[in-house]
Amino acid sequence: PPLAMAQDAAATATPNTVVATVNGAKITEKDISFAEIEIGSDLGNIPPESRRRVLVEYLIENQLFADAAQKQKLAETSSFGERLEYMRRRALREEFFETQIKPSVSEAAAKTYFNDQIKGMKQEEEVKARHILVETEDEARDILEKVIRGEDFEKLAKENSKDPGSKVNGGLLGYFGRGQMVPQFEDAAFKSDVGDVSQPVQSRFGWHIIKVEDKRKKPLPTFDAVKDRILNSMILQQAQAKAQDLRSASKIEYLDPKIKKQIVEQEKAAASQKNAILEQIKKLQSQENKGEAAKPAEPK
């Protein structure tokens, strides 16, 4: 099929593979990679084959506008030179980030961090429940009587519940842990056994009849599910540490008066906080020393 052939061609392409030309100017796979970095986050969940086409069209228009600017000799203006210098610095920063920061964080290090964190995590209990929400206690007791007589809970929820979010699903709330529901509802759900239907429970939303369908230990996250989040966090930490090292080894002057004033005030506040902590430590040490001195000598 044509789509499969296109995917195979993309899979075997190299960074220098030409995917289109504009008046002889080449657009390559590497250009697509740069475009993905630049505008990829704006494309949402466009399917891969459509996404690739959008990126190529973006690059074609980019080339067309660049050619038009070249014809009008805009590359010779001072504003273009200033923009080019700024983009050069940006490109150098990104190159440093890609070649120096990212490679310093390995998947193995992320896996080690994950394993350390997962050891200390406890599996929390979760309840799967349905409910029927009504306005008065009398309504709730009438519905409870119907359930006790054998009427279908799901059907009664669809017909009577005031909760629009769960009504269409027969009152189904799915699995939830502690702290996710209002206290009165949560207490009744967790105290009930699987298969139980609760007595009417009042919350700020009204009166609930709760049916507990299942209980389980909440599954712990897998490494694959959180790997990207951990890697991104570790890369950010590395970048921040490197930025601090570079700042410490550099002379930075703030010449804008307002910004300079903000920096001075920030440094004063940090120094004051540090001195307060040191004073607190000294007081604690002094108290400990006095306590030691007041202790009676142990008999020999």
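Above: the structure in question.
The present account deals with the structure reproduced in this document. Please read these numbers as outputs of a predicted model, since none were measured by experiment.

What follows concerns helix α7 (residues 153-160). For an α-helix the count is 3.6 residues per turn, leaving residues at separations of three or four pointing the same way. Looking at α7, one finds that the buried residues are F153, L156 and A157. Viewed end-on, α7 has its buried residues packed into an arc of 105°, placing them on one side of the element. Residues of α7 that are buried sit in contact with β3 (125-134), α6 (137-148), α8 (164-167) and β6 (206-217). By the N-cap criterion, in which a side-chain oxygen at the helix start approaches the backbone nitrogen of a residue two or three places on, α7 is capped by D152, the distance to E154 being 3.3 Å.

Glancing now at a nonpolar patch on the surface. A cluster of nonpolar side chains, namely I252, Y254 and I259, defines an oily patch on the protein surface of about 250 Å² accessible area. Here I259 lies in helix α11 (residues 257-294).

Let us now look at the sheet that holds β6. Strand pairs in the sheet, formed through backbone hydrogen bonds, run parallel or antiparallel to each other. Pairing is antiparallel across the open sheet formed by 4 strands, whose spatial order is β4-β3-β6-β5. Either end of the sheet is taken by a strand with one partner, and the two such strands are β4 (172-176) and β5 (201-203). Across the sheet, the axes of successive neighbouring strands diverge by a mean angle of 40°, strand direction being ignored. The pairing of β3 with β4 spans 4 bridges and is antiparallel. By the bridge assignment for β4, K128 is matched with Y175. The strands touched by helix α9 (residues 183-191) within the sheet are β3, β4, β5 and β6, with β6 carrying the most contacts at an inclination of about 45°.

Ranked by size, the top nonpolar core spans 12 residues in total: I101, V105, A110, F114, I118, F223, V226, I230, L231, M234, I235 and A239. When contributions to this core are tallied by element, the ones reaching two or more residues are α5 (107-119) and α10 (223-248). Considering each element in turn, this core owes the most residues, 7 residues, to α10. Contacts of A110, omitting those with residues within four sequence positions, involve F223, I230, L231 and M234.

This part is about the pattern of salt bridges. For the structure on display, the rule yields 14 salt bridges. In this structure, R88 and E85 form a salt bridge, with 3.8 Å as the shortest nitrogen-oxygen distance. Of this pair, R88 and E85 both sit in helix α4 (residues 78-101), 3 residues apart, which is roughly one turn of the helix. For R88, a relative accessible area of 48% gives the class partly exposed. On the basis of relative accessibility, which here comes to 34%, the residue E85 falls in the partly exposed class. Its salt-bridge partner being E85, residue R89 comes within 3.7 Å of it at the nearest N-O pair. In this pair, R89 and E85 both sit in helix α4, 4 residues apart, roughly one turn of the helix. Residue classification places R89 among the partly exposed positions, given a relative accessible area of 46%. If you follow the salt bridges from partner to partner, you end up with E85, R88 and R89 in one network.

Definitions and limits used
Every chain is numbered independently, its residues counted from 1 as its sequence is written. With the structure being a predicted model, the display of local features is reserved for residues of pLDDT at least 70 and the display and counting of side-chain atom pairs for 80 or more, all residues being used for whole-chain, interface and lining totals. Computation of side-chain values: all heavy atoms of the structure, hydrogens and water removed. Exposure categories follow from relative accessible area, calculated using a 1.4 Å probe and restricted to protein chains: below 20% of the type maximum is buried, above 50% is exposed, and the middle band is partly exposed. Each helix corresponds to a stretch of at least 4 residues labelled H or I by DSSP, and each strand to a stretch of at least 2 residues labelled E; elements are numbered beginning at the N terminus. Each direction from the helix axis to a C-beta atom contributes to the arc, which is the arc of those directions. Here, residues are in contact when the closest pair of their heavy atoms is within 4.5 Å. Between N or O atoms, a polar contact is any pair within 3.5 Å; within protein, one atom must be a potential hydrogen donor and the other a potential acceptor, and residues adjacent in sequence are included only when both atoms are from side chains. Each patch is built from residues that are more than 30% exposed by relative accessible area and take part in no salt bridge. Like charges join if they lie within 9 Å; nonpolar side chains (Val, Leu, Ile, Met, Phe, Trp, Tyr) join within 5 Å. The method behind every accessible area is Shrake-Rupley, applied with a 1.4 Å probe, and residues are considered shielded solely by the protein chains displayed. Salt bridges are counted wherever a side-chain nitrogen of Lys or Arg sits within 4 Å of a carboxyl oxygen of Asp or Glu. Here, a strand pair is defined by DSSP locating no fewer than two bridges between the strands. Note on method: axes are straight lines fitted to C-alpha atoms, helices fitted across the in-contact stretch only, with angles between N-to-C directions ranging 0 to 180 degrees. We call a set of buried residues a nonpolar core when its members are Ala, Val, Leu, Ile, Met, Phe, Trp, Tyr or Cys and they connect through side-chain atoms within 4.5 Å of each other.

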